[in-house]
Amino acid sequence: MNNFDFYSPTYFVFGKDRENEAGKYVKMFGGSKVLIHYGGGSVVRSGLLDRVKASLNAENIAFVELGGVKPNPRSGLVYEGIDLCKREKVDFVLAVGGGSSIDSAKAIAAGVVYDGDFWDFYRGKRIEEALPVGTILTIAAAGSEGSPDSVITKEEGMFKRGASGDAIRPRFSILNPALTQTLPAFQSAAGITDIMAHLYERYLTNSEEVEVTDRMIEALLLTMKHEGPRVIADPNNYEARANIMWAGTMAHNNSCGVGRSQDWLSHTIEHELSALYDCAHGAGLAVTMPAVFKYELSHNVMRFAQVAVRVWGCQMDFAHPEVTALEGIEAFRNFLISIGMPKNFEELGAKEEDIPALVNVLCRGDGRDGNIYGFITLNEEDCTKIYKMMV
Ligand code: NZQ
Ligand code: ZN
């Protein structure tokens with residue numbers, strides 16, 4: 001196991017009706033003038049936004065609001081949010097929604113206290129300072145409610161890039177599984193896929209002797225395998241929603257990623273798809289992961305065989321472990337298809353003729369050196385082959 005630091009100070013508030021306590025937690029974490037930041041309208045339609053405002057009013061906390069965050073959030077609204085916060089002397093950013101609203105809120109929070117262009121953080125500068133952020137989560141997926149990360153798309157060039165820093169870890173996150181019951185089945189499935197991707201990205205490691213985190217990841221993958229289909233079959237199953245919601249947070253607050261190198265090639269490759277086609281990140285991952293995993297397989301057959309046996313119930317073929325490994329990848333792919341995810345470029349809305357452009361932005365865009373790094377190192381030729389495997 002590698003040396004590590006683990007710092008995860010988010011205060012989690014979990015369960016039914018807990019969003020009504022938002023005001024109390026904003027106050028606890030020092031907010032007196034809040035930006036409420038949200039997406040395209042689901043929180044308005046569900047009445048959640050009104051409940052959050054009532055809760056702030058009850059604590060005499062002033063607020064301004066900025067809606068309109070799109071899935072795959074854009075830099076344009078971030079600049080708008082930064083200006084609004086400066087003008088209104090906002091001292092706390094409260095995201096109400098999914099990963100996109102949370103990531104946009106984090107970008108605003110970092111940008112408000114930074115003299116330069118906030119995009120510097122998305123070109124590799126670490127975020128050291130930000131306004132405090134709180135979240136009220138409405139979809140179990142990205143894990144942004146407990147992560148130090150934010151992913152934003154810059155309109156010029158459509159670069160989708162991530163930034164990181166403990167300063168943008170939410171001070172508190174309110175998780176009410178009942179809020180996720182209004183999700184369309186496709187969004188629930190995309191969320192389930194993203195959560196499982198966050199687990200696989202950590203499972204695919206070059207570190208030795210990481211039994212504790214291996215076993216934690218396997219437990220969470222088994223939970224997703226059990227609860228995912230229950231939620232698709234019955235969107236109002238609160239208990240299954242609850243298990244998925246907490247699994248989503250645990251999958252990405254890095255409690256099961258410490259002490260080990262991680263992969264993240266599937267995410268890096270997928271981000272170009274959701275940037276170009278504006279598809280759901282989870283749907284892009286469903287198409288990307290099986291191809292990436294098959295490409296990586298020969299690097300460490302036993303790692304893929306282990307997850308095949310322990311999670312997907314495959315029989316270990318000791319003479320041909322690559323057969324077991326492949327069976328595990330197929331089982332995962334079939335699972336994703338069974339919950340309604342796309343299986344190839346066509347179903348995702350991607351086009352084969354765009355592959356050269358995708359590879360160019362992926363490997364060369366915004367200062368990259370021609371390679372992308374993870375479980376293995378991939379060059380442009382490798383990435384071309386991987387995208388072709390998805391067709
Ligand atoms: O915008 P509204 O109207 O709210 O609708 C959203 C949106 O259309 C809808 N939705 C959310 N909660 C709902 C709901 N509809 C009905 N009922 C509800 N309760 O679902 C759609 C998707 O929302 P979004 O916030 O985009 O989903 P998600 O949480 O999957 O976030 C995806 C973004 O997170 C990034 C992805 O790249 C993508 O941009 N990621 C962020 C990470 C992080 N910060 O740590 C890590 C992830 O790997 C990921 O890359
Ligand atoms: Zn993800």
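Procedures and definitions
- Residues numbered from 1 in each chain as written.
- Chains lettered and ligands numbered in written order.
- Predicted model: local features only at pLDDT ≥ 70, side-chain atom pairs only at ≥ 80, totals over all residues.
- Heavy atoms only, no water.
- Core = buried A, V, L, I, M, F, W, Y, C linked by side-chain atoms within 4.5 Å.
- Buried < 20%, exposed > 50% of the residue type's maximum accessible area, 1.4 Å probe, protein only.
- Helix = DSSP H or I, 4+ residues; strand = E, 2+ residues; numbered from the N terminus.
- Domains from an automatic or database assignment.
- Contact = heavy atoms within 4.5 Å.
- Pairing = 2+ DSSP bridges.
- Axes fitted to C-alpha atoms, helices over the stretch in contact; angles between N-to-C directions.
- Parallel < 35°, antiparallel > 145°, perpendicular 65-115°, else oblique.
- Left-handed = near helix turned anticlockwise from the far one by under 90°.
- Near = heavy atom within 4 Å.
- Polar contact = N/O pair within 3.5 Å; in protein donor to acceptor, adjacent residues only side chain to side chain.
- Areas by Shrake-Rupley, 256 points an atom, 1.4 Å probe, with all protein chains shown as cover.
- Phe/Tyr/Trp six-rings, centres within 6.5 Å; stacked < 30°, edge-to-face > 60°.
- Lys NZ or Arg CZ within 6 Å of the ring centre and 35° of its normal.
- Salt bridge = Lys/Arg side-chain N within 4 Å of Asp/Glu carboxyl O.
- Donors = N, O, S within 2.8 Å, 3.2 Å for Na, K, Ca; no water.
- Nonpolar A, V, L, I, M, F, W, Y, C, P; charged D, E, K, R; others polar.
- Expected span 1.5 Å × (residues − 1).
- Buried area = accessible area lost by both parts, 1.4 Å probe.

Participant: Help me get a handle on the nonpolar core, residues and values and all.
Facilitator: If you look at the biggest cluster of nonpolar residues, it comprises 103 residues, and the most contacted ones within it are Leu-35, Ile-269, Leu-273, Phe-293, Phe-345, Tyr-387 and Met-390. For this core, the element with the highest residue contribution is helix H6 (residues 185–203), accounting for 9 residues. Inspection of this core shows a minimum of three residues originating in each of domain 1 (11–179) and domain 2 (185–389). What Phe-345 contacts, discounting residues up to four positions off in sequence, is Leu-273, Val-287, Ala-350, Lys-351, Glu-352, Ile-355, Leu-358, Tyr-387, Met-390 and Val-391. Membership of the second largest hydrophobic core comes to 20 residues, among which are Ala-22, Val-34, Tyr-38 and Phe-172.

Participant: Go over the sheet that holds strand S5 (residues 133–137) with me, naming the residues and quoting the values.
Facilitator: Reading across from one edge, S1-S8-S5-S4-S2-S3 is the order of the 6 strands in this open sheet, with parallel pairing throughout. The open sheet terminates on both sides in strands that have one partner only, identified here as strand S1 (11–14) and strand S3 (62–66). Ignoring which end each strand starts from, the neighbouring axes of this sheet average 20° apart. Summarising the sheet, strand S4 (residues 92–97) and S5 pair through 5 bridges and their orientation is parallel. In the strand pairing of S5, Val-96 is matched with Ile-136.

Participant: Describe the packing of helix H9 (residues 265–277) against helix H14 (residues 355–364), listing the residues and the values that go with them.
Facilitator: It is at 10 Å that the axes of H9 and H14 come closest, and there the two elements cross at 125°. The orientation of H9 relative to H14 falls into the category oblique. Regarding H9 and H14, the two cross each other, and that crossing is right-handed. The residues of H14 that touch H9, namely those facing Thr-268, Ile-269, Glu-272, Leu-273, Leu-276 and Tyr-277, are Leu-358, Val-361 and Leu-362.

Participant: Please set out the site of ligand 1 residue by residue, giving values where relevant.
Facilitator: Taken together, 31 residues are adjacent to ligand 1, and Gly-40, Ser-42, Gly-99, Ser-100 and His-198 come closest. Here an oxygen atom of ligand 1 and a side-chain polar atom of Lys-160 are 2.8 Å apart. For ligand 1, an oxygen atom lies 2.8 Å from a polar atom in the side chain of His-267. When ligand 1 is considered free in solution it has 960 Å² of accessible area, and contact with the protein chains removes 88% of it.

Participant: Give me the packing of aromatic side chains: which residues, what numbers.
Facilitator: Taken as a whole and judged by the stated rule, the model has 20 aromatic pairs. Ring centres of Tyr-11 and Phe-29 lie 6.2 Å apart, and the angle between their planes is 70°; on these two criteria the pair is classed as edge-to-face. One end of the pair, Tyr-11, is in strand S1; the other, Phe-29, is in the loop between helix H1 (22–28) and strand S2 (33–38), with 18 residues separating them in the sequence. Between Phe-293 and Phe-304, the aromatic rings sit 5.8 Å apart at their centres with planes inclined by 50°, giving tilted as the arrangement. Here Phe-304 lies in helix H11 (residues 301–310) and Phe-293 lies in helix H10 (residues 281–296), a separation of 11 residues in the sequence. Residues Phe-293 and Phe-304 agree in their burial class; the two are buried. Against the face of Tyr-238 rests Lys-16, its NZ or CZ located 4.4 Å from the ring centre.

Participant: Describe the pattern of salt bridges, listing the residues and the values that go with them.
Facilitator: Following the criterion strictly, the structure yields 21 salt bridges and no others. Residue Asp-214 is joined to Arg-303 by a salt bridge in which the shortest nitrogen-to-oxygen separation is 2.7 Å. Here the residue Asp-214 occupies a position in helix H7 (residues 211–233), and Arg-303 occupies one in helix H11, the gap between them amounting to 89 residues. Taking relative accessible area as the criterion, Asp-214 reaches 2% and is therefore assigned buried. With a shortest N-O distance of 2.7 Å, Glu-347 and Lys-343 are connected by a salt bridge. If you follow the salt bridges from partner to partner, you end up with Glu-211, Arg-215, Glu-218 and Arg-310 in one network.

Participant: Describe the coordination of the zinc ion (ligand 2), and please don't skip the residues or the numbers.
Facilitator: On the protein side, the zinc ion (ligand 2) has Asp-194 (OD), His-198 (NE2), His-267 (NE2) and His-281 (NE2) as donor atoms, found 2.0 to 2.2 Å from it. One chain supplies every donor for the zinc ion (ligand 2), spaced along it as D-x3-H-x68-H-x13-H. With Asp-194 in helix H6 and His-281 in helix H10, this residue pair connects regions lying 87 residues apart in the sequence. In this pair, the class of Asp-194 matches that of His-281, namely buried.

Participant: I'd like a description of the packing of H7 against H11, backed by residues and values.
Facilitator: When two helices pack together, you describe them by how their axes are tilted relative to each other and by the distance separating the axes. In contact at an axis separation of 10 Å, H7 and H11 are set at 45° when each is read in the N-to-C sense. By the angle between their axes, H7 is oblique relative to H11. Considering how the two elements wind past one another, H7 and H11 form a crossing that is right-handed. Residues Glu-211, Asp-214, Arg-215, Glu-218, Leu-221 and Leu-222 of H7 form the contact with H11, whose own contacting residues are Arg-303, Gln-306, Val-307 and Arg-310. Across the contact of H7 with H11, the residue classes break down as 3 nonpolar, 1 polar and 6 charged.

Participant: Can you explain helix H12 (residues 321–338)? Please cite residues and give values.
Facilitator: Between its first and last C-alpha atoms H12 spans 26 Å; for 18 residues at 1.5 Å apiece the expected length is 26 Å, and the two agree. Buried positions along H12 lie against H6, H7, H10 and H11. Phi turns positive, to about 105°, at Gly-340, one or two residues after H12.

Participant: If you had to explain the domain arrangement of the protein chain to someone new, which residues and values would you point to?
Facilitator: It is common to give the size of an interface as the accessible area lost on bringing the parts into contact. For the protein chain, the assigned domains are domain 1 (11–179) and domain 2 (185–389). Here the C-alpha centroids of domain 1 and domain 2 sit 26 Å apart. With 29 residues of domain 1 at the interface, the matching set in domain 2 holds 28 residues. Summed over both sides, the interface between domain 1 and domain 2 buries roughly 2300 Å², with carbon and sulfur atoms accounting for 58% of that surface. Broken down residue by residue, the surface that domain 1 buries against domain 2 is led by Lys-160, Arg-161 and Pro-177, which jointly contribute 23%. Residue Arg-74 pairs with Asp-278 through a salt bridge whose shortest N-O separation is 2.9 Å. Counting the contacts that link domain 1 with domain 2 gives 10 residue pairs in polar contact (both at pLDDT 80 or more). Those elements that provide at least two residues to the side of domain 1 that touches domain 2 are S1, strand S6 (149–154) and strand S7 (159–164). Per-element accounting of the side of domain 1 that touches domain 2 gives the leading share, 3 residues, to S7.

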